[in-house]
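Reading the structure
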Amino acid sequence: LLPMEQSEELINDHSPKIPLPEVYAINTLKNIQLFEKEKELIYGSLFILGETTSLGKTEKACAPLLLFPARIEHSGEEYYLSLDLENFRINESAIDLLAEEAISDDFKAKLIKNLPTAPFAYGAIGRISRLLQKQFNNLNTEPLLLFPELWSMAKVKRQLQPKQLAKLNGYSIIPASALG
């Protein structure tokens with residue numbers, strides 16, 4: 001997992017590609033070649049944080065809402081990351097986290113249909129925020145006001161500490177992105 005730091009450049013189409021650390025790029029490309037049938041390179045964005053209970057056990061939840069097919073390109077001495085913005089998908093498992101009870105596939109399909117299309121500039125993020133708030137009253141969308149500024153990995157980890165999770169009273173959707 002490679003967290004993005006500082007400012008979102010890809011999902012809002014501010015840049016068609018961003019540089020990657022060489023060692024990370026080479027290792028990731030080797031992994032993809034080795035497991036090409038089982039793995040794909042995905043860029044996740046807008047993470048949902050909170051706690052979930054499964055089989056009587058409470059666990060931390062941290063899942064991206066938006067999933068983008070990603071590519072690593074090699075040009076000269078540099079490696080770059082680019083996304084396929086048109087073929088993004090919604091992480092339905094993240095939607096399931098927000099639901100207080102089981103939700104139907106029809107509900108998910110309707111929710112997905114009402115989401116804006118990529119690229120996701122500030123206005124589109126606002127529409128996503130309003131749509132999710134309307135559907136899920138246990139979701140804090142206030143952190144998205146910072147978009148395109150991204151939370152650091154350190155800040156995400158702090159928010160996942162038990163004391164911070166207890167303050168949430170549900171879930172929070174945050175401006176964070178990572179490659180994995």
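The structure under discussion appears in the preceding block.
Not measured: the values here are computed from a predicted model.

The subject of this paragraph is the nonpolar core. In terms of nonpolar packing, the biggest core is built from 45 residues, with Tyr 43, Leu 65 and Leu 179 touching the most fellow members. Every element with two or more residues in this core is listed here: β2 (18–20), α1 (22–34), β3 (42–54), β4 (57–75), β5 (78–83), α2 (92–98), α4 (122–135) and β8 (171–179). Counting residues per element, this core draws most heavily on β4, which supplies seven residues. Core analysis: the next-biggest nonpolar cluster, separate from the first, contains ten residues, Leu 49, Trp 151, Val 156 and Ala 176 among them.

Next up on the list: the pairing of β8. The element β8 is largely enclosed, with a buried count of nine among its nine residues. Burial along β8 is two-sided: Tyr 171, Ile 173, Pro 175, Ser 177 and Leu 179 facing one way and Ser 172, Ile 174, Ala 176 and Ala 178 facing the other are all buried. Two elements, strand β1 (residues 2–3) and β8, share two bridges in a ladder whose sense is antiparallel. Bridging across to β8, Leu 2 finds its partner in Leu 179. Sheet topology places β3 next to β8; seven bridges connect them, and they run antiparallel. From the neighbouring strand, Tyr 43 faces β8, where its bridge partner is Leu 179.

Here the amide bond leading from Ala 118 into Pro 119 is cis, since omega sits at 0 degrees, within 30 degrees of zero. Its place among the elements puts Pro 119 in the loop between α3 (105–114) and α4. Cis peptide bonds are those with omega within 30 degrees of zero, and the linkage from Phe 147 to Pro 148 qualifies with 15 degrees. The residue Pro 148 is located in the loop between β7 (139–140) and α5 (153–159) in this model. Positive phi values are uncommon outside glycine, yet Asp 13 reaches one of about 65 degrees. Residue placement: Asp 13 occurs in the loop between β1 and β2.

Calculation rules
- One numbering rule holds for all chains: residues counted from 1, following each sequence as written.
- Per-residue local features are limited, in this predicted model, to residues with pLDDT of at least 70; the limit for side-chain atom pairs, both in listing and counting, is 80 or more; totals at the level of whole chains, interfaces and linings are taken over all residues.
- Hydrogens are left out, water is left out, and the side-chain values use all remaining heavy atoms of the structure.
- The definition of a nonpolar core used throughout is a set of buried Ala, Val, Leu, Ile, Met, Phe, Trp, Tyr and Cys residues joined through side-chain atoms within 4.5 Å.
- We call a residue buried when its accessible area falls under 20% of the maximum for its residue type, exposed when it is over 50%, and partly exposed in between, using a 1.4 Å probe and counting protein chains only.
- Each helix is a run of DSSP H or I of at least 4 residues and each strand a run of E of at least 2, with the numbering of both proceeding from the N terminus.
- Strand pairing requires that DSSP identify at least two bridges connecting the strands.

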